[in-house]
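Structure assessment
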Amino acid sequence: MIVGVLKEPSFESRVSLLAEGAATLTKRKVEVWVESGAGEKAFCPDSEYEKAGAVVRPRTDLLASADLLLSIHFDDIPALLQHKMLVGIYQPLYNPELMSAWGRQHITSFSLDMLPRTTRAQSMDVLSSQANIAGYKAVLTAADLFPRYFPMFMTAAGSIPPAKVLILGAGVAGLQAIATARRLGAVVEVFDTRPAAKEEVMSLGGKFIEVEGAADASAAGGYAVQQSAEFQQRQKEKIAASVGKADIVITTAAIPGRKAPILVTAEMIGAMKRGSVIIDLAAATGGNTELTVDRETVVHGGVTIVGNSSLAAGLPYDASKLYGRNVLNFLQLIIDKEGGIALNFADDLVKGCCITHDGQVVHERVLQMIDHG
Ligand code: NAD
């Protein structure tokens, strides 16, 4: 079997597999073909792949002859590709039409963002490995744009107060953002709708702001759920008070399969101090602020708003390394000892992230999205 590592679209600097990952696959009787230049932006040149036993080929060869293609994004996958296997992050709940097309084109697609968040899936959990990096990079990006210090200083020339960082959403990215901001000496406040997040926030030295009456999310596999209008109003008032005091706001609030909730209004941003910075990691699903523009940085009344859900790409080597390990761990489930494909749909992980197979969409939640238009 041939596994092809495609070069990602121009906005991406990561690659699905570094040379070390290619070496692991070639030892398992799998041929690895790498598109020329695929790892360049992740500091993994073609020569490294060749040393690892992979073959460097032009894109057309991979698209024609590879059995399984690794591509984080779908953007550059040819619209009429047929009878291939794809592994990446395709956000199928937001792209149901594309999934329908892939089904018709007999593409077997595995979208790793749909893996169940179970203990056995942890080693393949691309959302966690990449969110962890994004949370870290969000704080560094904010510190870089912020015209003041993060830590408190008492100097002969006067004292500097610590920066106030507000984090909305204490999932994997939010928790790493808390840890990083604390390491830089900031004071950190945090909101999340899941009461379970409180203890984690406090253990990292953040202050958890409670809002009474959050909807019970215990049946949602650890994820957040849609909140009532009353809760949203109460939360809005408390967030407005915190945004007004904050120098930096990092937003990460997401609800799987839905548009991100708007938590920071234009009015709240208008009341922030000039020089303040907002980093919106939920930009790809609409953003957590009213003024976020995905993949853009906008300045409103002296406040810089960075809309970027791909901040992990800012650390392309480590992001690719961890993503590649996640991919290899997943491939172990679908590649047999002879280096061939063996799909076992009785395995909840294989079934859980398989979106299209055998000429149709097979994932229940994606089918529901298609049915509801
Ligand atoms: P996510 O990216 O889906 O969302 C980020 C955070 O935003 C979540 O903590 C969510 O509760 C919060 N949020 C959503 N709406 C909000 C609102 N209106 N106001 C404030 N906060 C809001 O989350 P994630 O990082 O993918 O983590 C989701 C869950 O999965 C967490 O409970 C996490 O601990 C869990 N998890 C489990 C495993 C595992 O067991 N294998 C691995 C990773 C994550």
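Only a predicted model underlies this, so the values are computations on that prediction, with no experimental measurement involved.

It is worth spelling out the overall build of the chain at this point. From N to C terminus, the chain includes 12 helices and 17 strands. For the C-alpha atoms alone, the extent of the chain along its principal axes is close to 65 × 50 × 35 Å. Residues classed as buried in the chain amount to 51% of the 373 residues present. Partitioning the contacts of the chain with sequence separation of at least 6, the portion at a separation of at least 24 is 65%. Approximately 16800 Å² of the chain is accessible, and the part contributed by carbon and sulfur atoms is 53%.

If the charged atoms of two oppositely charged side chains come close together, the side chains can form a pair. Overall, the coordinates contain 14 salt bridges when judged by the stated rule. With a closest N to O distance of 2.8 Å, Glu12 and Arg14 form a salt bridge. There is no split in this pair, since Glu12 and Arg14 are both buried. Of the charged contacts in the structure, one is a salt bridge between Asp125 and Arg117, with a shortest N-O distance of 2.9 Å. A relative accessible area of 11% places Asp125 in the buried class. Owing to a relative accessible area of 34%, Arg117 belongs among the partly exposed residues under this scheme.

Not every one of the 21 residues close to the ligand is listed here, only the nearest: Ser128, Val172, Asp192, Arg194 and Gln235. Interatomic distance of 2.7 Å between a side-chain N/O atom of Arg194 and an oxygen atom of the ligand. Burial of the ligand by the protein amounts to 84% of the accessible area it has alone, namely 840 Å².

Turning to the sheet that holds strand E17 (residues 360-361), a few remarks are in order. Overall, mixed pairing links the eight strands, which are arranged E3-E2-E1-E4-E5-E6-E16-E17 in an open sheet. Each edge of the open sheet carries a strand with a single partner, namely strand E3 (55-57) and E17. Pairing of strand E1 (residues 2-5) with strand E4 (residues 68-70) involves three bridges; the strand directions are parallel. Across the sheet, the residue bridging to Gly4 is Leu69, located in E4. Sheet contacts for helix H10 (residues 316-334): E4, strand E5 (85-88) and strand E6 (108-111); angle to E5, the most-contacted strand, approximately 140°.

As a further point, take the domain arrangement of the chain. The domains assigned to the chain are domain 1 (2-106 + 317-372) and domain 2 (131-314). Here domain 1 and domain 2 have C-alpha centroids that lie 32 Å from each other. At the interface, 11 residues of domain 1 touch nine residues of domain 2. Surface buried jointly by domain 1 and domain 2 totals about 800 Å² across both partners, of which 59% is contributed by carbon and sulfur atoms. Our count for the domain 1 to domain 2 interface comes out at zero salt bridges.

Scoring rules and cut-offs
Residues numbered from 1 in each chain as written. Predicted model: local features only at pLDDT ≥ 70, side-chain atom pairs only at ≥ 80, totals over all residues. Heavy atoms only, no water. Helix = DSSP H or I, 4+ residues; strand = E, 2+ residues; numbered from the N terminus. Buried < 20%, exposed > 50% of the residue type's maximum accessible area, 1.4 Å probe, protein only. Contact = heavy atoms within 4.5 Å. Areas by Shrake-Rupley, 256 points an atom, 1.4 Å probe, with all protein chains shown as cover. Salt bridge = Lys/Arg side-chain N within 4 Å of Asp/Glu carboxyl O. Near = heavy atom within 4 Å. Polar contact = N/O pair within 3.5 Å; in protein donor to acceptor, adjacent residues only side chain to side chain. Pairing = 2+ DSSP bridges. Axes fitted to C-alpha atoms, helices over the stretch in contact; angles between N-to-C directions. Domains from an automatic or database assignment. Buried area = accessible area lost by both parts, 1.4 Å probe.

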